[in-house]
Amino acid sequence: LLEAFKDVVSEHWCSEALLFLLEIQTLNEIFHEENPSQDLIHDKVRHIFENYIDTNAPLKINIDQDIAESITSEYRNNNVSRSTFKDATRFAYIYK
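Residues numbered from 1 in each chain as written. Predicted model: local features only at pLDDT ≥ 70, side-chain atom pairs only at ≥ 80, totals over all residues. Heavy atoms only, no water.

Here we take up unusual backbone geometry. Working note: non-glycine residues mostly have negative phi, and peptide bonds are mostly trans. Notably, Asn 78 is not glycine yet its phi reads approximately 50 degrees, a positive angle. In this structure, Asn 78 sits in the loop between helix H4 (65–76) and helix H5 (86–94). Classification of Asn 78 by relative accessible area gives exposed; the value is 63%. (Helix = DSSP H or I, 4+ residues; strand = E, 2+ residues; numbered from the N terminus. Buried < 20%, exposed > 50% of the residue type's maximum accessible area, 1.4 Å probe, protein only.)

Attention shifts here to the pattern of salt bridges. Counting across every chain of the model gives 4 salt bridges. A salt bridge links Lys 44 to Glu 23, with the shortest nitrogen-to-oxygen separation between them at 2.4 Å. Of the two residues, Lys 44 is situated in helix H3 (residues 38–53) and Glu 23 in helix H2 (residues 15–31); the sequence distance between them amounts to 21 residues. The two residues Lys 44 and Glu 23 agree in class, both being buried. In this structure, Asp 87 engages Arg 90 in a salt bridge whose closest nitrogen and oxygen atoms are separated by 3.2 Å. Of this pair, Asp 87 and Arg 90 are both found in helix H5, 3 residues apart, which corresponds to roughly one turn of the helix. Residue class for Asp 87 comes out partly exposed when judged on its relative accessible area of 41%. (Salt bridge = Lys/Arg side-chain N within 4 Å of Asp/Glu carboxyl O.)

So this is what it looks like as structure tokens:
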């Protein structure tokens, strides 16, 4: 199923959405560890923000501006939680 999804996103020039979703999956796995490392969470969140959300992100995903601003605010205020990327993840799933 993942291979089929990769084919679709590659065909529609939206591989950044797939890469973003895979990064979010990894972040969620870290959050669900018994005693997750805060440094590891911080590093992963920074990586996701800088690569997929930030204005000059090399793999910027196509999400609603309000969602991007909300994530940016949480990131810059060091107030990231499990739900920070929730709306962006939903948006990436329906990206066409």
